[in-house]
Amino acid sequence: MRISFCKIFFLSYLLTYAKSEEPHCSKYDFEEKVLEKMVRMEFQMERMKSEMEQTVKSVDRQLNEMVEKQAKHSLSIKTTQEKFGETIEALQNKTSEIIDTKLKELQILKDQIVTPTVAFKARLNANAAAPAGQVIVFPTVLFNEGDVYSSQTGKFTATTNGTYLFTIALCVLNNKYLYVNIMVDGVAYTKTYIKDNDDLDCHTADTVAVLKAGQSVWVQSFRSSSGTVIYHSSPDYWNTFSGVLLHK
């Protein structure tokens, strides 16, 4: 009986001790495990943070490298474009100069080859005297291409270097005579004598002259009968002075 009581008391003690100790030991064990997990998580977060920072730095470095390459590439393209533009502009200027030069040469060649229209014809409109030394003026202009003949002075003035042909046709009254010259700057290029004994008589004369621009040509009496010498009749008898540029 006594032994049984002792056994019961001992078992009660063990149960009481176990109950009092169990919560205390479980609490620390749990806190330890939680702390351990927190440390592990913090370590992992630190490692992740470091890895992320390294990744960010790597991406930033690569991005900067790409920007630098792009900038260099853009600069290279810009420089190439500028050089290409300068080359094109220089080529255009050179081409324009060459074209202008060739056009001028072509115009000079054209001026040398192409003979401009230079021609005139004028006539008297009445009978006329022709005293010695007088310039015979033909006042009625039939045509005057190049504006080379003056009906006021009776003189032709060359505007173009070249070879010219000049022609005169004159009629004299009965029993009259006329010596007449075609003059170039005061020098006789053609001399002719017209005389009529029985009836009206008409003669022609011409000359070829190589002239320079500015030289003048006219018809001048060398000697003649006194009074009215040259006969004019609109329907039948014309007294004319004409000229034309043959070749430049």
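Rules of the game
Residues numbered from 1 in each chain as written. Predicted model: local features only at pLDDT ≥ 70, side-chain atom pairs only at ≥ 80, totals over all residues. Heavy atoms only, no water. Helix = DSSP H or I, 4+ residues; strand = E, 2+ residues; numbered from the N terminus. Areas by Shrake-Rupley, 256 points an atom, 1.4 Å probe, with all protein chains shown as cover. Disulfide = S-S within 2.5 Å. Buried < 20%, exposed > 50% of the residue type's maximum accessible area, 1.4 Å probe, protein only. Contact = heavy atoms within 4.5 Å. Core = buried A, V, L, I, M, F, W, Y, C linked by side-chain atoms within 4.5 Å. Phe/Tyr/Trp six-rings, centres within 6.5 Å; stacked < 30°, edge-to-face > 60°. pLDDT = per-residue confidence, 0-100. Pairing = 2+ DSSP bridges.

1. Brief notes about the overall build of the chain
Now for step 1: A tally of helices and strands in the chain yields one helix and eleven strands.
Now for step 2: Across the chain, helices and strands are ordered from the amino to the carboxyl terminus as α-β-β-β-β-β-β-β-β-β-β-β.
Now for step 3: Of the accessible surface of the chain, which amounts to about 17,700 Å², a share of 58% is contributed by carbon and sulfur atoms.

2. Considerations on the state of the cysteines
Now for step 1: Applying the stated criterion across every chain, the model contains one disulfide.
Now for step 2: Disulfide pairing is shown between C171 and C202; the S-S distance is 1.9 Å. Handedness of the C171-C202 disulfide follows from its S-S torsion of about 105°: it is right-handed. Note that C171 is positioned in strand β5 (residues 162–172) and C202 in strand β8 (residues 201–211), a separation of 31 residues in sequence.
Now for step 3: On the basis of relative accessibility, which here comes to 2%, the residue C171 falls in the buried class.
Now for step 4: On the basis of relative accessible area, C202 is assigned to the partly exposed category, the value being 36%.

3. A closer look at the side chain of T160
Now for step 1: Examined against the element boundaries, T160 turns out to sit in the loop between β4 (156–157) and β5.
Now for step 2: T160 sits in the buried class, given a relative accessible area of 13%.
Now for step 3: If we ignore the near neighbours within four places in the chain, the residues touching T160 are P116, L211, A213 and K248.

4. Describing unusual backbone geometry
Now for step 1: The backbone of D147 shows a phi angle near 50°, a positive value even though the residue is not glycine.
Now for step 2: Along the polypeptide, D147 turns up in the loop between β3 (140–145) and β4.
Now for step 3: With a phi close to 60°, N175 is a non-glycine residue in the positive phi region.
Now for step 4: Structurally, N175 is set in the loop between β5 and β6 (177–184).

5. Topic: the nonpolar core
Now for step 1: Counting residues in hydrophobic clusters, the biggest one holds 31 residues, and the most contacted among them are F138, F156, F166, L211 and F241.
Now for step 2: When contributions to this core are tallied by element, the ones reaching two or more residues are β1 (119–123), β5, β6, β8, β9 (216–224), β10 (228–230) and β11 (240–247).
Now for step 3: Counting residues per element, this core draws most heavily on β5, at five residues.
Now for step 4: With near-sequence residues (within four places) excluded, F138 lies in contact with A122, R123, L124, Y149, S151, L170, V219, N239, T240 and F241.

6. A closer look at the packing of aromatic side chains
Now for step 1: Taken as a whole, this structure holds 13 aromatic pairs when the rule is applied.
Now for step 2: Between Y177 and Y193, the ring centres sit 6.4 Å apart and the planes meet at 45°, which makes this aromatic pair tilted. Here Y177, found in strand β6, pairs with Y193, found in strand β7 (residues 187–195); they are 16 residues apart in sequence, far enough to count as distant.
Now for step 3: A relative accessible area of 26% means that Y177 is categorised as partly exposed.
Now for step 4: Among the aromatic side chains, those forming a connected cluster through ring pairs are F120, F138, Y149, F156, Y164, F166 and F241.

7. Some remarks on the confidence of the model for the chain
Now for step 1: Here the chain shows a mean pLDDT of 82. Residues at 70 or above account for 85%.
Now for step 2: No element of the chain has a lower mean pLDDT than helix α1 (residues 2–113), at 70, and none a higher one than β4, at 98.
Now for step 3: Overall, residues 17–25 carries pLDDT values under 50, and its contacts beyond four positions in sequence, including any with other chains, amount to zero contacts.

8. Things to note about the sheet that holds β6
Now for step 1: A sheet is described by the order of its strands in space; here four strands give the open sequence β4-β9-β6-β7, paired in antiparallel fashion. The open sheet has two edge strands with one neighbour each: β4 and β7.
Now for step 2: Both β4 and β9 contribute to a ladder of two bridges, which runs antiparallel. If you follow T157 over to β9, its bridge partner there is S216.

9. Describing the pairing of β1
Now for step 1: Within β1, four of the five residues are buried, leaving the element largely enclosed by the surrounding structure.
Now for step 2: When β1 meets β3, the two strands line up antiparallel, connected through five bridges. Looking across to β3, one finds that R123 is bridged to T140.

10. A look at the environment of T115
Now for step 1: Mapping T115 onto the fold places it in the loop between α1 and β1.
Now for step 2: The partly exposed category is assigned to T115, whose relative accessible area is 29%.
Now for step 3: Sequence separation between T115 and L245 is 130 residues, and the spatial gap between their C-alpha atoms is 7.9 Å.
Now for step 4: Look past the residues within four positions of T115 in its chain and what remains in contact with it is L245, L246, H247 and K248.

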